[in-house]
Every structure is written in structure tokens, then in C-alpha cells.
Amino acid sequence: MISSLWNGFQLLFRPYPYFRDARTTWRAPLPGLGSVLISADPGLVAEAARHPDLVGGRAHRAMRASLGDGHLIVMCGPEHRLRSRQVRRALQAFTSDSEMAEITRQEFARTPLRRPFSVQQVAHRASLRIILRGLVGRDETALIQLSQAFQASFSSPLLLFVEKLRRDWGPWSPWGRLLRRRARLQEALLQAARCAPPGSIAARLPSETWEYELLPQLMFGHETTAATFAWSFALLYPEARRRIANGEEAFTLAYVQECMRLCPPVAQLTRMATRELCLGSHSLRPGEVVMPALPGLHHHGWSHSDQLEPGRFLQETPDPHRYCPFGLGERICPGKPMALRQLVMMLQTVLQHFDIHPLAGYQPRPVRQLFLVAPAQGTPAIRRA
Ligand code: HEM
């Protein structure tokens, strides 16, 4: 019990050192998951990614509770494969470069001059507007507010991770409030989807999936990008600033990829055994979980692994079991192309139009934000012009 709480505490409050500094494969008891096999060994992770009896969806209990049932992330087997194809096809359509750049410019233009602000917060609103445009073709204030209200319901991570707290005792109880806000956002998205333009993500998804997919795509489609943007901004150095502002696309992409190696916004993946099986020399019982540990995978076996060297992504494509900030195998993130394009556009736009720098002396310490790891305070920065 104490050991499980201690491991849970470390996973929540020291995600990078916990997953990076320990042995490459180890077992740890974790609250709500029992004994978990955690691994930063690319061979074992490759085996886990291919194994037909290790599934993704069932391990995401907190995700099912917060976003509802029936969406891609919590599905398994043939059902998952069909929905995954539909979602991947729909996500090929995303907001145009010029729209992404314009929204980013508008949001960063609203930041105060010479007063600190959180880069992640601004990127969050920009990313929310960008995914709304892609999803349903509009990003008006009412939709933004409903989405922000739903997100504000997650003020305590305990609500997600402690099942007993998830009781609907009316609109004033934390869980009751979350459910009602979710229903309002869901309804607004369904309405917007009914008149979405033909090229939008909603229009490309079968309408019978809207009820399940619109809300998760909205949530995953901007929280992750905003946290990654905050990391990319925190880690900027003069040469990178210059090359990104000059519009060097290949370099900007390599820079973002390298930031995601050093500081992956998703620190761990989860796969659950559906029957008794062996993985390398480890045996797993049904219901037990394997956790590929991204900070460890992105650290061991890389040269100068503590240094930020975007050049490594210009020279070669890394082994996907050694570098997987977007996950692995058939569950790899369907939003990856969109997210990478968006991050390139956002970084270029901000550095070309504004003179914004992280606060002097700021150290980007990793902090857990529900499912994500972001830099402390979302990278506080100052705009000089
Ligand atoms: C920098 C931004 C992003 C990061 C770091 C990220 C990361 C991830 C990771 C690590 C997974 C788990 C994959 C696995 O278990 O192997 C995932 C899954 C997923 N992501 Fe993303 N993601 C990002 C952006 C997006 C965007 C923009 C969307 C949609 C618009 C999206 C939608 C999804 C969905 C639907 C899944 C579930 C896939 C499945 O279970 O089959 N993500 N993402």
C-alpha cells in the first residue's frame, strides 16, 4: 500500500526522473492499477506494441470516466480498428496553414506588453480555436467558453483517479458539475457538426460517430499541442530562434521533434494484458498493465541524450520504439500530422511577429497536468514588442 502510494506520488510529481533514472524494465505497484511492468527497453516495447493480447483501450479507465464511453481511445479489437480508420481518414483534413498562422497571431497579439503571461495559456486558446475550425468549421466564443468550462471541471486530478469521488450529487457537486458541462459542450458540438462545411473533420466522420468522437478529438486536439508548444518555447536558444524566424521549415520540424524527445508531453503509454502471456522474460496475468516509459526510451541509447540537438532529426528517422512521443503501433496518435504542422506554424508565426522571451532565469521544471506533463507555470514569458 505505502509502496503503491509512493510510486503513484513519483509518477505524478516527478514524471521524468521516475521514468528515466530507474532500471530499464521494472515492476512497480501503482494505485488503481496493481503491479505494473514499466519499461524503457526498446526491444520489450517493440514486442509489447506487436502483441495481439496487449490492448490499449481497456487500460484508460480515467479517460472513460471523464470523456464518456464509446470513443476510439477506450475501444479495442476489430471495433477499434474500424473506428481508427474512420478517425484517421477524417483527421487528414485540418485547418489550413494560413488559418493556423492567423489565429496564432491574433491570440499572441492580445498578450500584455512587458508583463508576464503564460505561453501555454495563450497557446491553449489558439489551439482550441484551431481544432474547432478544423472540427466543425467555426470557433465562436460560445463554443470556446463551453469547452473552457468543461476543462475547468477537472480542477482536481483526484476526481479522475479516485473512483469513489465520481458521484453525481447534483449540479453543485464536482462530478455532477463535470457531467452537466460535458453534456452542454457535447450538445453544442453536435449542433455545430450538423452544419459543418464539407471539408471539416466532422463532415468527414460518419455522423453516427459524432456523439462519441467530437468531444475527445476536441480535447486531445488542443491540450496536447498547447503543452508541447510551451515546452518548445521554453527550450528556445538564439540559433534556433533565428532559424525558425527565418522560416526554415525542416529545421523547425526537427526542433519540435527534438523538444518532444527531451520533454515528451505524454510520459507513459498503457497496454493491458487480456490473458496470461510472456513479454521478454516477464510474465503478465490477465488485467496487468505494461507501461512504455517515454522519458526513459528517449534517453537511454541516445548520444548526448541530455542535450537539445535538433540536427539529429535532420539526419535520420529514429526507431519508433526508441522515439514515440505520439505512441506506438496501431494506436499511434491519429492527430500526429496535424499536431506537428500546427506546432511548426505556431512557432514560426510567434517568432516572426513578436519579440517574446521566457522570463529571465526561468527553469522549465516538468509538472503533471492530469494526463500531460508541461513546463512549470506553462512557460512564463514577456512580450517586448
Ligand atoms: C503534440 C500533440 C499530441 C501529442 C503529444 C499526442 C500524443 C498521443 C499519444 C502518446 C497517444 C497514445 C498512443 C498510444 O497509446 O500508443 C495519443 C493518442 C491519440 N491522440 Fe494524440 N497527441 C497529440 C495531438 C493530437 C491531436 C491534434 C489529436 C486530434 C485532433 C489527437 C487525437 C488522439 C486520439 C484520438 C488518440 C487515440 C488513438 C487510439 O487509441 O487509437 N492527438 N496521442
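Residues numbered from 1 in each chain as written. Predicted model: local features only at pLDDT ≥ 70, side-chain atom pairs only at ≥ 80, totals over all residues.

Draft legend 1. Spatial organisation of the overall build of the protein chain. Looking only at helices and strands, the protein chain has 17 helices and twelve strands in total. Its C-alpha atoms give the protein chain a radius of gyration of 20 Å, within 12% of the compact-globule value 21 Å for 385 residues. Referenced to the eigenvectors of the C-alpha coordinate spread, the extents of the protein chain come out at roughly 60 × 50 × 40 Å. Counting only residues that meet the buried cut, the protein chain has 43% of its 385 residues in that class. (Helix = DSSP H or I, 4+ residues; strand = E, 2+ residues; numbered from the N terminus. Rg over C-alpha atoms; globule rule 2.2 N^0.38 Å. Buried ≥ 20, exposed ≤ 12 C-beta atoms within 10 Å, placed from the backbone.)

Draft legend 2. Fine view of the site of the ligand. As a structural note, the neighbourhood of the ligand is formed by 28 residues, with Gly221, Thr224, Gly327, Cys333 and Gly335 the closest of them. Contributions of two or more residues to the shell around the ligand are made by helix H5 (77-90), helix H12 (210-234) and helix H17 (336-353). Per-element accounting of the shell around the ligand gives the leading share, seven residues, to H12. In the shell around the ligand, the residues fall into 18 nonpolar, nine polar and one charged. (Near = placed C-beta within 6 Å. Nonpolar A, V, L, I, M, F, W, Y, C, P; charged D, E, K, R; others polar.)

Draft legend 3. Representation of the pairing of strand S8 (residues 289-292) within the structure. Burial along S8 is two-sided: the face carrying Val289 and Met291 and the face carrying Val290 and Pro292 are both buried. Two elements, strand S2 (residues 34-39) and S8, share four bridges in a ladder whose sense is parallel. Opposite Leu37, over in S8, you have Val290 as the bridge partner. (Pairing = 2+ DSSP bridges.)

Draft legend 4. Region of interest: the sheet that holds strand S5 (residues 271-273). Across the sheet, five strands lie side by side as S1-S2-S8-S5-S3; this open sheet has mixed pairing. Every interior strand has two partners, whereas the edge strands, strand S1 (25-30) and strand S3 (54-55), have only one. The sheet contact formed by S3 and S5 spans two bridges and is antiparallel. Across the sheet, residue Val55 finds its bridge partner in S5, namely Met272. Contacting S1, S2, S3, S5 and S8, helix H3 (residues 42-50) crosses the sheet at an angle of about 125 degrees to S8. (Contact = placed C-beta atoms within 7 Å. Axes fitted to C-alpha atoms, helices over the stretch in contact; angles between N-to-C directions.)

Draft legend 5. Seen up close, the pairing of strand S12 (residues 380-383). Sheet topology places strand S4 (residues 117-118) next to S12; two bridges connect them, and they run antiparallel. Residue pairing for S12: Phe117 is matched across the bridge by Ala381. Pairing geometry for strand S9 (residues 356-358) and S12, over three bridges, is antiparallel. Residue pairing in the sheet places Pro358 in a bridge with Ala381 of S12.

Draft legend 6. A look at the environment of Gly70. Within the fold, Gly70 resides in the loop between helix H4 (61-67) and H5. Take Gly70: there are 15 C-beta atoms within 10 Å of it, and that puts it in the partly exposed class.

Draft legend 7. Quick peek at the sheet that holds S9. Spatially, S4-S12-S9 is the arrangement adopted by the three strands of the open sheet, whose pairing is antiparallel. Two strands bound the open sheet, and with one partner strand each, they are S4 and S9.

Draft legend 8. Molecular detail of the environment of Phe117. Looking at where Phe117 falls in the secondary structure, it is placed in strand S4. In sequence terms Phe117 and Gly378 are 261 residues apart; their C-alpha atoms lie 8.9 Å from each other. In this structure Phe117 touches Thr111, Pro112, Val122 and Ala381, once residues within four positions along its chain are discounted.

Draft legend 9. Molecular detail of unusual backbone geometry. Of note in the backbone geometry, His304 takes a positive phi value of approximately 40 degrees without being a glycine. If you trace the backbone, His304 turns up in the loop between helix H15 (294-297) and helix H16 (311-315). Exposure remark for His304: the 8 C-beta atoms within 10 Å place this residue in the exposed category. The backbone phi angle of Leu370 is positive, close to 50 degrees, even though this residue is not glycine. Counting through the fold element by element, Leu370 comes out in the loop between strand S10 (366-369) and strand S11 (372-375). Judged by the 17 C-beta atoms lying within 10 Å of it, Leu370 falls in the partly exposed class.

Draft legend 10. Local environment of the packing of helix H7 (residues 119-136) against H12. Viewed as axis vectors pointing N to C, H7 and H12 meet at an angle of 145 degrees, and their least axial separation amounts to 8 Å. The hand of the H7/H12 crossing is right-handed. Contacts from Val119, Gln120, Ala123, His124, Ser127, Leu128, Ile131 and Leu135 in H7 reach Leu214, Gln217, Leu218, Gly221, His222, Thr225, Ala226, Ala227, Phe229, Ala230 and Phe233 in H12. (Left-handed = near helix turned anticlockwise from the far one by under 90°.)

Draft legend 11. How the structure looks around H12. If you check H12, its first and last C-alpha atoms are 36 Å apart, about what 25 residues at 1.5 Å a residue would give, namely 36 Å. With 22 of 25 residues buried, H12 lies mostly within the body of the structure. (Expected span 1.5 Å × (residues − 1).)

Draft legend 12. Region of the structure containing the nonpolar core. Counting residues in each nonpolar core, the largest one holds 98 residues, and the members touching the most others are Ala230 and Met346. The greatest single-element share of this core, amounting to twelve residues, is contributed by H12. Not counting residues within four places of it along the chain, the set of residues in contact with Ala230 comprises Val119, Gln120, Ala123, Ala374, Pro375, Gly378 and Thr379. (Core = buried A, V, L, I, M, F, W, Y, C linked by C-beta atoms within 7 Å.)

Draft legend 13. Geometry of the packing of H12 against H17. Viewed as axis vectors pointing N to C, H12 and H17 meet at an angle of 45 degrees, and their least axial separation amounts to 10 Å. Between H12 and H17, the interaxial angle falls into the category oblique. Classified by chirality, the crossing of H17 by H12 is right-handed. In this structure, H12 uses Thr224, Thr225, Thr228, Phe229 and Ser232 to contact H17, whose residues at the interface are Ala339, Gln342, Leu343, Met346 and Leu347. (Parallel < 35°, antiparallel > 145°, perpendicular 65-115°, else oblique.)

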